[in-house]
Amino acid sequence: MTRNFAHAPGTRAVMETAQQELTCQLCSEQYADPRILPCLHSFCRQCLDKEARDTAPMVACPACAWCGPIPAGGAGCLPRNLHLVYEVRMSQAASQITCERCAFSEPAAVFCFKCSEFLCGACAEQHPPVHKPVPLGGGGRGCARQIVAAVLAMPPLEHCCALSNHADRVLELFCEACDAMICRECATAGDHRDHRHANLADVARARRRDMRRALEQAQEMVAVLGGALDRADSAARTLEDFKACNAAQISNAFEELHEKVEARKRSLLADLDAATSRRASALDYRRTRIREAQRDLYRYCEVVFRALQTHSDQEVVAMENAPLAALSDTLRASKNVASIDPGRSQAEGLSVLLETDRLALDSLGRVKDTSPYPPACTWASTTVAMVHDRLVASGNVEDRGDGTYTVTLVPHRDGAHVLSVLIDGQHVMNSPFELDVQKPPKPDYCALNPPQEVASVKSPLCLAVSRSGDVFVGTKSNSIHVFDRKGGFKRAIGSSGEGDGQFNGPSDLAISGDLLYVADCLNHRVQMLTTGGEFLQKFGELGTGSGQFNAPCGLAVDARGRIYVCDSGNDRVQVFGDDRTWLMSVDVRGQAMQHSPRGLALDTQGNMYVAAHGSACIMVFTRGGKFLKNYGNLKRPGRIAVNSGGYSFVIEGGSDSIVVFDPQGRRVYTLKGLNSPSGIAVDPAASPSFYVANKGSNTVLKYSL
């Protein structure tokens, strides 16, 4: 009969595979008296005692994230991993088993199933008789493999009571109150006589049944995990194949592009060489003519000069007019040659045109990843839940595309909540979180404080506020003025014109991080700059096609970097990706007779709020362009802003006022007494506060509760 390790008393040994490494992770040596932690990982007893001394009172398992205390009696109180003990012994195939109690390395003579130890004869005599150690065949002088095999073949022993006066009593009962095995003497006359007892065999059968059920579930889960691992491995191979294939395509495309660029370079250099060679030949001919004329002049000048210096009057007259005639002819020829400008004639009409779009080269090609997980990894999931008084509120997770995620959920009520965020069933760092949820008080805009003048700006048209509190104001002078939170002037951005970083009617501004977007209305484009004023990029032109504009007036950017543009002249809202590629258009002409949309804002859910100058209501669309609702009864609504609480602020051009609506679209307050308000923005750092560009008084005002 084969010995079952589970029969050994006082153990919770885990049946690990026979191929398991027999090396302790703490000392990197073969296991010596391995003990099992509550996390079911095993380590040498001495190693655990040393860890307990070094890191008391807690011990961290180096194989997993478990951390807990060691029993007061030390690692020796932890269950012994008999399987590892036997495996270590079996690995010592040629060695002799020696006593595990004394330091004399005497051959083992007996084996104690109670202690799971091999003992020599001397140690066996001192061992408690109640343990009933079993003698080893052959006096323990066989090889380790033979002795261990013989021990494993022994039938399980019936264990007797540990009390000295009950040493001959077999453990037959189980005390449910003490969770201990007892003999019948303990149950009738001992400390357990008033406790509830059960037959040990029945308890063992029940536990065996539970263990088999747990084992079956574990084996089923092993198969499930095996299938998941196979799918993950397949997904990894698919991903590697995809990477290799596309890397090859990218390399081939750029090699082909490089060859074409090199061929074009050679062709241009050849054309340049041919063009310059033809002109160089003509230039050489003219240079030769000039040198000849210069040489003739030198010669005639020398003859005439000597005649003047050395000839007598008679000799000069005798020469008649021959020298003068020859010199005059040479002068005329030289003037003709000198009248030709060889530099101008050869350079004129010769130029090299290199139309290289460096921006296009910088953005040539794109790797687009629309999911945080590969498609094959269907097992990957993220769970968000908030619990309060057993009520569970589930949430959503949105990938912002920049390595961060937005977690959104709505709790059922106020009070203490526990928020858990799990990925693949594992808590993220610091999860679960303890939160105290309090419903924010409903803002009373009827109790607005007197306005604070933030800045004095001539003819402000639009404005935006950064999270740091800087206020950006677009002006009629086609520049953008920047002020700090206290109204101190910081800098001016841009000037009038059609060039990069120049504007013609900046009609709206939007800020996303350190990027500033400008709706350049009369240039029919949108420009992207840093908040410091450095020009980065522009997109759009006059037209009616996708990505073209006709007087863009409203502008907004969502958390994912998508750009929403109110294309006023085309009665639509166009949406662009974070890379400025066109995504979609939302036609507003068929909704409530909308036309000439002027104002655009986004709420925290990404819904679009559109205010049209030729309509009396505000239109609300989903981020995908689906119409949701309209609200309000306004006179020529213009600019609009929406705060994090869902309140919308609309400039009513027909009454020079600002109308405040609650999240349900109900009018809650009308701010009057303004002078041609032209722009409005909410304060991202203080949601109830908002800023107004008051064009008629050349001021920027801040309103707060």
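Before going into details, it helps to say that this report is about the structure given with it. (Residues numbered from 1 in each chain as written. Predicted model: local features only at pLDDT ≥ 70, side-chain atom pairs only at ≥ 80, totals over all residues. Heavy atoms only, no water.)

**Things to note about the overall build of the protein chain**
Per the secondary structure count, the protein chain includes 10 helices and 43 strands. Relative to its full complement of 705 residues, the protein chain shows a buried share of 35%. Considering only contacts within the protein chain whose residues lie at least 6 apart along the sequence, 43% involve residues at least 24 apart. Summed over all atoms, the accessible surface of the protein chain reaches about 40800 Å², with 53% contributed by carbon and sulfur. (Helix = DSSP H or I, 4+ residues; strand = E, 2+ residues; numbered from the N terminus. Buried < 20%, exposed > 50% of the residue type's maximum accessible area, 1.4 Å probe, protein only. Contact = heavy atoms within 4.5 Å. Areas by Shrake-Rupley, 256 points an atom, 1.4 Å probe, with all protein chains shown as cover.)

**A short note on the packing of aromatic side chains**
Per the stated rule, a full pass over the model turns up 11 aromatic pairs. Ring geometry for Phe621 against Phe627: centres 5.8 Å apart, planes inclined by 70°, an arrangement best described as edge-to-face. Since its relative accessible area comes to 1%, Phe621 is described here as buried. Given the relative accessible area of 31%, Phe627 is considered partly exposed. A connected cluster of aromatic rings, assembled from ring pairs, spans Tyr445, Tyr647, Phe649, Phe690 and Tyr703. (Phe/Tyr/Trp six-rings, centres within 6.5 Å; stacked < 30°, edge-to-face > 60°.)

**Some points on the sheet that holds strand S31 (residues 572-576)**
Taken together, the four strands give an open sheet; going across it, the order is S29-S30-S31-S32, and neighbouring strands pair in antiparallel fashion. The two strands at the open ends of the sheet, each matched to only one other strand, are strand S29 (552-557) and strand S32 (582-587). Taking the axes of each pair of neighbouring strands and ignoring which way they run, one obtains an average angle of 20° across the sheet. In this structure, S29 lies alongside strand S30 (residues 563-567), joined through five bridges in antiparallel fashion. Note on S30: the bridge partner recorded for Leu555 is Val565. (Pairing = 2+ DSSP bridges. Axes fitted to C-alpha atoms, helices over the stretch in contact; angles between N-to-C directions.)

**Observations regarding the pairing of strand S40 (residues 667-671)**
Looking along a regular strand, one sees side chains alternate from face to face of the sheet. For strand S39 (residues 657-661) and S40, the ladder comprises four bridges, and the chain directions are antiparallel. Each residue of the ladder has a partner; that of Phe661, found in S40, is Arg667. Hairpin connection from S39 to S40: five residues lie between these consecutive antiparallel strands, with Gly665 at a positive phi of about 85°.

**Observations concerning the sheet that holds strand S34 (residues 608-612)**
Strand order in the open sheet made by the four strands is S33-S34-S35-S36, with antiparallel pairing throughout. Every interior strand has two partners, whereas the edge strands, strand S33 (597-602) and strand S36 (627-631), have only one. Each strand of the sheet is rotated relative to its neighbour by a mean of 20°, with strand direction disregarded.

**Describing the environment of Glu541**
Tracing the chain through its elements places Glu541 in the loop between strand S28 (535-539) and S29. In the structure, Glu541 is positioned 16 residues away from Arg525 in sequence and 5.5 Å away in space, judged by C-alpha atoms. With residues near it in sequence (within four places) discarded, Glu541 still touches His524, Gly547, Gln548 and Phe549.

**Description of the pattern of salt bridges**
Taken as a whole and judged by the stated rule, the model has 18 salt bridges. Across the pair Arg35 and Asp33 runs a salt bridge whose closest N-O atoms are separated by 3.2 Å. Since its relative accessible area comes to 10%, Arg35 is described here as buried. Arg213 serves as the salt-bridge partner of Asp210, at 3.1 Å between the closest nitrogen and oxygen. On the criterion of helical spacing, the pair formed by Asp210 and Arg213 is a turn pair, its members being three residues apart in helix H6 (residues 200-310). One salt-bridge network, in which partners are shared between bridges, spans Asp33, Arg35, Arg45 and Arg80. (Salt bridge = Lys/Arg side-chain N within 4 Å of Asp/Glu carboxyl O.)

**Points about the pairing of strand S26 (residues 515-520)**
Counting buried positions over the six residues of S26 gives five, a clear majority of the element. Across six bridges, the pairing between strand S25 (residues 506-512) and S26 is antiparallel. Bridge pairing in S26 places Ala510 opposite Tyr517. Connecting S25 to the next strand, S26, in antiparallel fashion are two residues, including Gly513 with a positive phi near 65°. Here S26 pairs with strand S27 (residues 525-530) via six bridges, running antiparallel. Counted as the bridge partner of Leu515 is Thr530 from S27. Linking S26 back to S27 in an antiparallel pair, the connection comprises four residues, with His524 at a positive phi of about 55°.

**Re the side chain of Asn607**
Along the chain, the position of Asn607 falls in the loop between S33 and S34. We classify Asn607 as buried; its relative accessible area is 17%. What Asn607 contacts, discounting residues up to four positions off in sequence, is Ala601, Leu602, Val620, Phe621, Thr622, Arg623 and Leu628.

**Here we look at the environment of Cys178**
For Cys178, the position within the fold is in the loop between strand S8 (173-175) and strand S9 (180-182). Each C-alpha atom, one on Cys178 and one on Arg196, is 9.2 Å from the other, the two residues being 18 residues apart in sequence. Those residues within four positions of Cys178 in sequence are excluded, and the remaining contacts are His192 and His195.

**Quick notes on the side chain of Asp508**
Relative to the helices and strands, Asp508 resides in strand S25. Although Asp508 is buried, it forms no salt bridge, and the closest oppositely charged side chain is Arg639 at an N-O distance of 5.0 Å. In terms of polar contacts, Asp508 uses its side chain to reach the backbone amide nitrogen of Leu555, at 2.9 Å. Discounting chain neighbours no more than four positions away, the residues touching Asp508 are Cys462, Tyr517, Val518, Ala519, Cys553, Gly554 and Leu555. (Lys, Arg positive; Asp, Glu negative; His and termini not counted. Polar contact = N/O pair within 3.5 Å; in protein donor to acceptor, adjacent residues only side chain to side chain.)

**With respect to a nonpolar patch on the surface**
On the surface, a nonpolar cluster with roughly 340 Å² of combined accessible area is contributed by Ile250, Phe254, Leu257 and Val261. With respect to the secondary-structure elements, Leu257 resides in helix H6. (Patch = residues over 30% accessible without salt bridge, like charges linked within 9 Å, V, L, I, M, F, W, Y side chains within 5 Å.)

**Here's the deal with unusual backbone geometry**
Residues apart from glycine generally show negative phi values, whereas peptide bonds are mostly found in trans. Residues other than glycine seldom take positive phi values, yet Ser459 does so here, at roughly 50°. The topology assignment puts Ser459 in the loop between strand S18 (452-456) and strand S19 (460-465). Relative accessible area serves as the criterion here: at 16%, Ser459 is assigned to the buried category. Phi at Asn478 is positive, roughly 65°, even though this residue is not glycine. For Asn478, the position within the fold is in the loop between strand S20 (471-475) and strand S21 (480-483).

**Concerning H6**
The terminal C-alpha atoms of H6, which comprises 111 residues, lie 152 Å apart, in line with the 165 Å expected from a rise of 1.5 Å per residue. Turning to H6, its buried residues are Leu200, Val203, Ala228, Ala235, Ala275, Ala293, Leu297, Val304 and Ala307. Two or three places before Ala201, at the opening of H6, Asn199 has a side-chain oxygen 2.8 Å from that residue's backbone nitrogen. (Expected span 1.5 Å × (residues − 1).)

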